[in-house]
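Residues per chain, in single letters:
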Amino acid sequence: MAEKSKYAMDYIKDKNVYKAVMFACRMIREGRHPAGACEIAADYYGVSEKKVHHYVSQRGGRKTK
């Protein structure tokens, strides 16, 4: 079994990817569908939608109850 991480997601070196992930997470909290939020955030910050989706999914999967 994989070791449980104490962080919500891995470290993101690219500042624009980080901003896009945080923007997408905020939109998801406000009720937007995750796929749409990732697409909007990636377009807004000019980064890969695949990277944004990866980190948003990772964050959602590691959340504790």
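As a convention, each chain's residues are numbered from 1 in the sequence order in which they are written. Local features in this predicted model are restricted to residues whose pLDDT is 70 or higher, and side-chain atom pairs enter the listing and the counts only when it is 80 or higher, whereas totals over whole chains, interfaces and linings include all residues. Note that the side-chain values use all heavy atoms of the structure and ignore hydrogens as well as water.

Caption draft 1: Layout of the packing of aromatic side chains. By convention, a stacked pair of Phe, Tyr or Trp rings (six-membered ring in the case of Trp) has centres within 6.5 Å and planes under 30 degrees apart, an edge-to-face pair has planes over 60 apart, and any other such pair is tilted. With the rule as written, the count across this model stands at three aromatic pairs. Between Phe23 and Tyr45 the ring centres are 6.2 Å apart and the planes differ by 80°, which places this aromatic pair in the edge-to-face class. Separated by 22 residues along the polypeptide, Phe23 in helix H1 (residues 15–29) and Tyr45 in helix H2 (residues 34–45) bring together distant segments of the chain. Among the residues examined, Phe23 registers a relative accessible area of 17% and is labelled buried. Under the scheme applied here, a residue whose accessible area is under 20% of the maximum for its type counts as buried, over 50% as exposed, and between as partly exposed, the area being computed with a 1.4 Å probe on protein chains only. Residue Tyr45 is classed as partly exposed on the basis of its relative accessible area of 27%. Relative to Tyr45, the ring of Tyr44 has its centre 5.0 Å away and its plane inclined at 75°; by these criteria the two rings are edge-to-face. Think of it this way: any DSSP run of H or I at least four residues long counts as a helix, any run of E at least two long counts as a strand, and we number them from the N terminus.

Caption draft 2: How the structure looks around the nonpolar core. The criterion is simple. A nonpolar core is a set of buried Ala, Val, Leu, Ile, Met, Phe, Trp, Tyr and Cys residues joined through side-chain atoms within 4.5 Å. Among the nonpolar cores identified, the biggest contains 17 residues, and Val21, Val52 and Val56 are the most heavily contacted of them. When residues of this core are traced back to their parent elements, those giving at least two are H1, H2 and helix H3 (49–62). Sort the elements by how many residues they give to this core and H1 lands first, with seven residues.

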